[in-house]
Amino acid sequence: MKTCLVVDDSSVIRKVARRILEALEFKIVEAEDGQQALDACREELPDAVLLDWNMPVMDGYDFLKALRRLPGGDQPKVVFCTTENDVAHIARALSAGANEYIMKPFDKEIVEAKFQEVGLL
Amino acid sequence: MTPLDYDYLRRLLKERSGLVLSADKQYLVESRLLPVARKAGLGGLSELVAKIKGNDARLTVEVVEAMTTNESFFFRDKVPFEHFTGTMLPALLASRANQRRIRIWCAAASTGQEPYSLGICLKEMKDKLAGWRIELTGTDLSGEVLEKAKAGIYSQFEVQRGLPIQLLVKYFVQNGDMWQISPEVRAMVQYRPLNLLADFSHLGTFDVVFCRNVLIYFDQDTKIDVLNRIARQLEPDGFLVLGAAETVVGLTDAFKPMADKRGLYVRNGPAAKAPALRPAVAAVR
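Residues numbered from 1 in each chain as written. Chains lettered and ligands numbered in written order. Predicted model: local features only at pLDDT ≥ 70, side-chain atom pairs only at ≥ 80, totals over all residues. Heavy atoms only, no water.

Asker: Would you explain the overall build of chain B in this entry?
Answerer: A tally of regular secondary structure across chain B gives 11 helices and 10 strands. Relative to the globule expectation of 19 Å for 285 residues, the C-alpha radius of gyration of chain B, 20 Å, shows essentially globular dimensions. Its C-alpha atoms give chain B principal-axis dimensions of about 60 × 55 × 30 Å. Within chain B, buried positions represent 50% of all 285 residues. With the model as given, the accessible surface of chain B reaches about 12900 Å², and the carbon-plus-sulfur share is 52%. Positive and negative side-chain charges of chain B, numbering 38 and 32 respectively, have mean locations separated by a distance of 4 Å. (Helix = DSSP H or I, 4+ residues; strand = E, 2+ residues; numbered from the N terminus. Rg over C-alpha atoms; globule rule 2.2 N^0.38 Å. Buried < 20%, exposed > 50% of the residue type's maximum accessible area, 1.4 Å probe, protein only. Areas by Shrake-Rupley, 256 points an atom, 1.4 Å probe, with all protein chains shown as cover. Lys, Arg positive; Asp, Glu negative; His and termini not counted. Charge placed at Lys NZ, Arg CZ, Asp CG, Glu CD.)

In structure tokens:
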């Protein structure tokens, strides 16, 4: 079973994402901000990260840059999932190493399509 | 809606679009046509049927379009586009090296996602296609969806299903919450209204025909007729792409499936050997 780290400061979004991803047979680990997510990744790298942009303590963009610098192991596929829906943010995310990008609001079909796109399904 | 109204609509839709509705699809008709009735200021489907029986041509077109418009998304099913870039185009680049011309037809273009997906594939291969003339024609029964296709404007929801984010950024222009296909991809596709039940020989011959997820709505005889007429419009070494739930097997000998290429078909001998056209199918447009 693949693991997905869901990083979002909204407990509602984490709950919705968990429901969608568990139906796609992912084991879910949750983090409320980028720092918590980075700590989790230092413990064990997941297969996938579903990542919000705007969060307290450390935002998704800074987390991604730090994640891509972590040594060892297979780097996870990172799918941003954010309300930052403009081309400039998307371009920044891709250049920082994001694999896909979901513009909120999202649903199961979109998550499934994007996870398929990066070879997670 | 009374059983008589439903029977009338079934007959109308079969005659005008080839759409075959089984007796248990009344819910589908109601869900699609109630908005049409409301938009026309009518009280319900019985009133709608009465108007159509009274030869309201505009309303009849709206009913047919409402029933035949289907969901579409970019790079739908993915595999056909891999066949396009990995099998069809390499073969055509070799066989058409003298003419340097390729003609592609999307026979059920709907709101444009399929032809634009092919356009994007072609743009991604532009180095190999330098100096080539590529014609990409999209046809659909519904004028309304073709207007949307021509505009090439899609919601955030529509561009997120099937379209890799890199291609979205590369080939679309953002305008608020909407995304428009870039002018250079939009200019690659010519759209025309066309009913597949009617004669389409005037379109000329093609090297590639995408005819996906439309035959499933036709009855057996109509499928056979459409496939045999497509065979006549396909070059002897051309390719036909059908939807995942569609096949030529058991319908016509004009095509044969390509081994290990799901949904991809090639001509089976010269077009002249295709079975004769059935005369009884109504030409609507």
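Asker: Teacher, can you tell me more about the interface of chain B and chain A here?
Answerer: Interface extent is often summarised as the accessible area lost during association of the parts. Facing the 15 residues of chain B at the interface are 19 residues of chain A. Of the roughly 1400 Å² buried where chain B meets chain A, counting both sides, 58% is carbon and sulfur surface. The interface formed by chain B and chain A includes 0 salt bridges. Where chain B touches chain A, the interface holds 8 residue pairs in polar contact (both at pLDDT 80 or more). Looking at the side of chain B that touches chain A, the elements that each hand over two or more residues are helix 8 (156-159) and helix 9 (165-171) of chain B. Here the element with the most residues in the side of chain B that touches chain A is helix 9 of chain B; it accounts for 4 residues. Counted by class, the side of chain B that touches chain A contains 8 nonpolar, 5 polar and 2 charged residues. (Contact = heavy atoms within 4.5 Å. Buried area = accessible area lost by both parts, 1.4 Å probe. Salt bridge = Lys/Arg side-chain N within 4 Å of Asp/Glu carboxyl O. Polar contact = N/O pair within 3.5 Å; in protein donor to acceptor, adjacent residues only side chain to side chain. Nonpolar A, V, L, I, M, F, W, Y, C, P; charged D, E, K, R; others polar.)

Asker: Is there a simple way to explain the side chain of B:Arg267 in this structure?
Answerer: Residue and element names in this part refer to chain B. With respect to the secondary-structure elements, Arg267 resides in strand 10 (residues 264-267). Buried and unpaired, Arg267 has no salt bridge, with Glu235 as the nearest side chain of opposite charge at 6.7 Å. A distance of 3.2 Å separates a polar side-chain atom of Arg267 from the backbone oxygen of Ala231. Here the side chain of Arg267 touches Leu234 through a polar contact of 2.4 Å, landing on its backbone oxygen. Apart from the residues lying within four places of it in its own chain, the contact partners of Arg267 are Ala231, Leu234, Glu235, Pro236, Gly238, Ala254, Phe255 and Lys256.

Asker: I keep staring at empty space enclosed by the protein and nothing clicks. Help me out?
Answerer: Once rolled over the atoms, a probe with the size of a water molecule shows which space is left empty. Residue and element names in this part refer to chain A. A full pass over the atoms with the stated rule returns 1 cavity of 30 Å³ or more. Size it by volume and the largest cavity reaches roughly 40 Å³. Lining the largest cavity are Val6, Val7, Asp8, Ile13, Ala17, Leu50, Leu51, Asp52, Cys81 and Lys104. Broken down by class, the residue content of the lining of the largest cavity amounts to 7 nonpolar, no polar and 3 charged. (1 Å grid on protein atoms, 1.4 Å probe; cavity = no way out; pocket = protein on both sides within 12 Å on 5 of 7 lines; lining within 4 Å. Points joined across faces, edges and corners; volume = space filled by probe spheres on them.)

Asker: For this particular structure, what's the right way to read a negative patch on the surface?
Answerer: Residue and element names in this part refer to chain A. Together, Glu43, Glu44, Asp47 and Asp74 line one region of the surface with negative charge. By the element assignment, Glu43 lies in helix 2 (residues 34-43). Judged by relative accessible area, which is 73%, Glu43 ranks as exposed. (Patch = residues over 30% accessible without salt bridge, like charges linked within 9 Å, V, L, I, M, F, W, Y side chains within 5 Å.)

Asker: How should the domain arrangement of chain B be read in this particular structure?
Answerer: Residues and elements named next belong to chain B. Domain assignment breaks chain B into domain 1 (3-68) and domain 2 (79-273). A separation of 29 Å is found between the C-alpha centroids of domain 1 and domain 2. On the side of domain 2, 10 residues touch domain 1, which itself brings 10 residues to the contact. Ionic pairing is found between Asp219 and Lys14, a salt bridge with its closest N-O pair at 3.1 Å. Elements that contribute at least two residues to the side of domain 1 that touches domain 2 include exactly helix 1 (3-17) and helix 4 (57-68). In terms of residue count, the dominant contributor to the side of domain 1 that touches domain 2 is helix 1 (4 residues). When its residues are assigned to classes, the side of domain 1 that touches domain 2 shows 3 nonpolar, 3 polar and 4 charged. (Domains from an automatic or database assignment.)

Asker: Explanation requested: the sheet that holds strand 3 (residues 153-155) of chain B in the structure shown.
Answerer: Where strands meet in a sheet, backbone hydrogen bonds hold them as pairs that are either parallel or antiparallel. Residues and elements named next belong to chain B. The antiparallel open sheet is built from 3 strands, whose spatial order is 3-5-4. Looking at strand neighbours, the two that pair on one side only are strand 3 and strand 4 (172-175), the edges of this open sheet. Between one strand axis and the next, the sheet turns by 30° as a mean value, whatever way the strands run. Summarising the sheet, strand 3 and strand 5 (residues 178-181) pair through 3 bridges and their orientation is antiparallel. Residue pairing in the sheet places Tyr154 in a bridge with Trp179 of strand 5. (Pairing = 2+ DSSP bridges. Axes fitted to C-alpha atoms, helices over the stretch in contact; angles between N-to-C directions.)

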